Every structure is written in structure tokens, then in C-alpha cells.
Amino acid sequence: MNQTETGELSHKPIHKRRPAKVLIPIMPDSDNETLFKLALWISQEMPVLFLGIVPVPEGQSLSTGTGKARALRQLINEAVDRIVLRAKARIRVSYNPWDEIRVVLARERSIN
């Protein structure tokens, strides 16, 4: 049994409800292996959403981040395959990485 928002117990199994997700930001040239290990641990309970963020300095074209974005997507896909976890990935190239994270959090209603 699971507790509902009103505090009542629900007999509806967790997997029947919309699954919650945990957002884990991934960036180029960071300690992503530690984050992948964390994702493996978390994914035993709920799906993970990897948000790959490629920061680009103001004044440069966002297209300058294309190569790093492609490499980041490949890194995430390989990690998901290697450690076998329930995860989705989104990649963003942005002048303001923290703003991009806020946008994704606002759009993904099931993120805890």
C-alpha cells in the first residue's frame, strides 16, 4: 500500500501511477561516472532523466556546442546500456545552463 497526497493509503501499485523521475544533470568534462553510479542506485526505485547540458559562452553561436552535445548523448547512451538502468535522456545546448535546468523541471511534471 502507498500513501496518497491526502495521507490516505492507496492500494494502487506504484507502477500503475505515472512514474516519478529524478533529474540528473550531465555536463561535458565533468565527473559523470559518479553520477551514473548514483543513477544506477536511484533507478532501482524510479526512472531517471539525464539532462545533458552543453554550456556555450554568450556571443558564440549555439551551434558551436553541437559536437559536444553529440558526444554527450553518446556518453549517456553508452552508460545506460553498460549499467542497464531505466533512463531517458535530453540534451540541451545553452548560454544559461541553470535556466535550462529550470525549464526542464517546469515541463517534466513527474520529476521529484
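Residues numbered from 1 in each chain as written. Predicted model: local features only at pLDDT ≥ 70, side-chain atom pairs only at ≥ 80, totals over all residues. Heavy atoms only, no water.

**Q** Would you mind going over the confidence of the model for the chain in detail, with residue names and values included?
**A** For the chain, per-residue confidence averages 82 on the pLDDT scale, and 79% of positions sit at 70 or higher. When mean pLDDT is compared element by element in the chain, strand E4 (residues 48-55) scores highest at 93, while strand E1 (residues 2-3) scores lowest at 46. (pLDDT = per-residue confidence, 0-100. Helix = DSSP H or I, 4+ residues; strand = E, 2+ residues; numbered from the N terminus.)

**Q** So what's going on with the pairing of strand E5 (residues 87-94)? Which residues, and what values?
**A** The pairing of E4 with E5 spans eight bridges and is classified as parallel. Bridge pairing in E5 places valine 48 opposite alanine 87. With helix H2 (residues 66-83) bridging E4 and the parallel E5, this β-α-β connection has right-handed handedness. (Pairing = 2+ DSSP bridges. Right-handed = clockwise from strand over helix to strand, strands pointing away.)

**Q** Describe the packing of aromatic side chains, with residues and values.
**A** Counted according to the given criterion, the structure contains one aromatic pair. Relative to phenylalanine 50, the ring of phenylalanine 36 has its centre 5.4 Å away and its plane inclined at 80°; by these criteria the two rings are edge-to-face. With a gap of 14 residues between them, phenylalanine 36 in helix H1 (residues 32-42) and phenylalanine 50 in strand E4 connect regions that are remote in the sequence. Using a relative accessible area of 1% as the deciding quantity, one classes phenylalanine 36 as buried. (Phe/Tyr/Trp six-rings, centres within 6.5 Å; stacked < 30°, edge-to-face > 60°. Buried < 20%, exposed > 50% of the residue type's maximum accessible area, 1.4 Å probe, protein only.)

**Q** Any chance you could break down the side chain of glutamate 100 for me, citing the residues and the numbers?
**A** Turning to its location among the elements, glutamate 100 is positioned in helix H3 (residues 97-107). Of the residues examined, glutamate 100 reaches a relative accessible area of 17% and is grouped as buried. If we skip the residues at most four places from it in the chain, glutamate 100 touches Ile53, Arg92 and Ser94. (Contact = heavy atoms within 4.5 Å.)

**Q** How would you explain H3 if you had to name every residue and give the values?
**A** Turning to H3, its buried residues are Pro97, Glu100, Ile101 and Val104. Along the axis of H3, the buried positions cluster into a sector of 100°, meaning they face one direction only. In H3, the exposed positions that point more than 90 degrees away from the buried face belong to Trp98, Arg102 and Ala106. (Arc of directions from axis to C-beta.)

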